Amino acid sequence: MVGKLILKIQGELSNLGKIRSFVSEYAVKIGFDEIAASEIEMAVDELCTNIIKYSYSYDPEIPPGKRDLEIELEEVENGISISVSDRGKPFDPNRFPSVDVEEHLSEKKTHGLGIFTMKNFMDRITHEYREGQGNTVKLVKYLRQSD
Amino acid sequence: MADAEFNFRKEGAVGILSIKGSLDAHTTPQFDKQIKSILGKSSKIIIDMEKVDYIATAGLGVLIASFNDAKSAGGNIVISGMPDKIRHVFETMGFTKVLTIADSVAKALTMLK
């Protein structure tokens, strides 16, 4: 088993690359192949982007220096669990409806695809909000036989 | 690799934008600026993604908007040289049904001439 790892980082768009590397390297260590690891890194990147762009940016109650993210990686039985915690207002990805991508693209729309990515690439998404502390979104993906 | 580098060159009437690095929410504004500037010069564009290691939905959004602008101007955008993991994202999101994809810049040039 690979040990649990935690990254505490400022919630800024310029840190997305560091977050992706942190996540994908761990996923590969567990045994995910390159494609599955890229799905995991994209789901986490889109989640963090949503928090940074739509939660932190518009919340004047959280000053820029306090807009931190905590990303916890854990190997679970036959898979990976990633918990992303922030101090923002309630944000539950499960409450956003899945878009019909083909219909979406035929109408030349691209918003909402970040949530689609999370739901499509991960096996389970759970959300917890604690008053005064913020959100924790947990993403889980299981290894397939081809990984 | 977290940043992105952009290089532009022309082959006749076709503009070729080669990108190296990541197209995420941080670098997408630069990508948007680059492609808008190129669309002012040419409506036939190749986007060489051979050295792109990541694309987020923000980058895909810029691609779709640019593709529509190029089509409206009577041109086209061809994406070339995508690594497997980038192609996988395009396929999953259905972008391969909308955008024109080529294996290499040379093949993309043939398609646009």
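Up top is the structure.
Fair warning: this is a prediction, and the values are worked out from it, not measured in the lab.

Section: the packing of helix α2 (residues 34-56) of chain A against helix α4 (residues 113-121) of chain A
Packed helices, taken two at a time, are described by their axes: the angle between them and the distance between them. All names here are of chain A. It is the contact of α2 with α4, at a shortest axis distance of 9 Å, that shows an interaxial angle of 145°. Taken as a pair, α2 and α4 cross one another with a handedness that is left-handed. Residue-level inspection shows Glu39, Met42, Ala43, Glu46, Leu47 and Asn50 of α2 in contact with α4, the latter providing Gly114, Ile115, Thr117, Met118 and Phe121. Of the residues assigned to the contact of α2 with α4, the class counts are six nonpolar, three polar and two charged.

So, the packing of helix α1 (residues 28-39) of chain B against helix α2 (residues 57-72) of chain B
All names here are of chain B. The geometry of α1 relative to α2 is characterised by a closest axis approach of 9 Å and an angle of 10° between their N-to-C directions. When the axes of α1 and α2 are compared, the pair comes out roughly parallel. Touching Thr28, Phe31, Asp32, Ile35 and Leu39 of α1 are Ala58, Gly59, Val62, Leu63, Ser66, Asp69 and Ala70, all from α2. Grouping the constituent residues of the contact of α1 with α2 by class yields seven nonpolar, three polar and two charged.

Considerations on the layout of surface pockets
Counted as a void, the largest pocket has a volume near 610 Å³. Lining the largest pocket are 26 residues, and of these Asn50(A), Tyr54(A), His111(A), Gly112(A) and Gly114(A) sit closest to its centre. Secondary structure elements with two or more residues in the lining of the largest pocket: α2 and α4 of chain A together with α2 of chain B. Looking at the lining of the largest pocket residue by residue, the class counts come to 11 nonpolar, 11 polar and four charged.

Considering the packing of aromatic side chains
A complete count under the given rule lists three aromatic pairs over all chains for this structure. Aromatic side chains Phe91(A) and Phe96(A) sit 5.6 Å apart centroid to centroid with 50° between the ring planes, which places their arrangement in the tilted category. Phe91(A) sits in the buried class, given a relative accessible area of 15%. Seen from their ring centres, Phe90(B) and Phe95(B) are 6.0 Å apart, and the 70° between their planes marks the pair as edge-to-face. Each member of the pair, Phe90(B) as well as Phe95(B), carries the same accessibility label: buried. Across the ring face of Tyr54(B), the terminal group of Arg20(A) is positioned such that the distance to the ring centre comes to 4.1 Å.

Examining the interface of chain B and chain A
Counting from both sides, the interface comprises 24 residues of chain B and, opposite them, 26 residues of chain A. Contact between chain B and chain A buries roughly 2000 Å² in total, counting both sides, with carbon and sulfur atoms accounting for 65%. Between chain B and chain A we count two salt bridges in total. Arg20(A) is the partner of Asp24(B) in a salt bridge, and the nearest nitrogen-oxygen pair spans 2.8 Å. At the junction of chain B and chain A, the tally comes to six residue pairs in polar contact (both at pLDDT 80 or more). Among the secondary structure elements, those contributing two or more residues to the side of chain B that touches chain A are β3 (44-55), α2 and α3 (84-93) of chain B. Counting residues per element, the side of chain B that touches chain A draws most heavily on α3(B), which supplies six residues. Of the residues belonging to the side of chain B that touches chain A, the class tally is 12 nonpolar, eight polar and four charged.

Calculation criteria
- Residues numbered from 1 in each chain as written.
- Chains lettered and ligands numbered in written order.
- Predicted model: local features only at pLDDT ≥ 70, side-chain atom pairs only at ≥ 80, totals over all residues.
- Heavy atoms only, no water.
- Axes fitted to C-alpha atoms, helices over the stretch in contact; angles between N-to-C directions.
- Helix = DSSP H or I, 4+ residues; strand = E, 2+ residues; numbered from the N terminus.
- Left-handed = near helix turned anticlockwise from the far one by under 90°.
- Contact = heavy atoms within 4.5 Å.
- Nonpolar A, V, L, I, M, F, W, Y, C, P; charged D, E, K, R; others polar.
- Parallel < 35°, antiparallel > 145°, perpendicular 65-115°, else oblique.
- 1 Å grid on protein atoms, 1.4 Å probe; cavity = no way out; pocket = protein on both sides within 12 Å on 5 of 7 lines; lining within 4 Å.
- Points joined across faces, edges and corners; volume = space filled by probe spheres on them.
- Phe/Tyr/Trp six-rings, centres within 6.5 Å; stacked < 30°, edge-to-face > 60°.
- Buried < 20%, exposed > 50% of the residue type's maximum accessible area, 1.4 Å probe, protein only.
- Lys NZ or Arg CZ within 6 Å of the ring centre and 35° of its normal.
- Buried area = accessible area lost by both parts, 1.4 Å probe.
- Salt bridge = Lys/Arg side-chain N within 4 Å of Asp/Glu carboxyl O.
- Polar contact = N/O pair within 3.5 Å; in protein donor to acceptor, adjacent residues only side chain to side chain.

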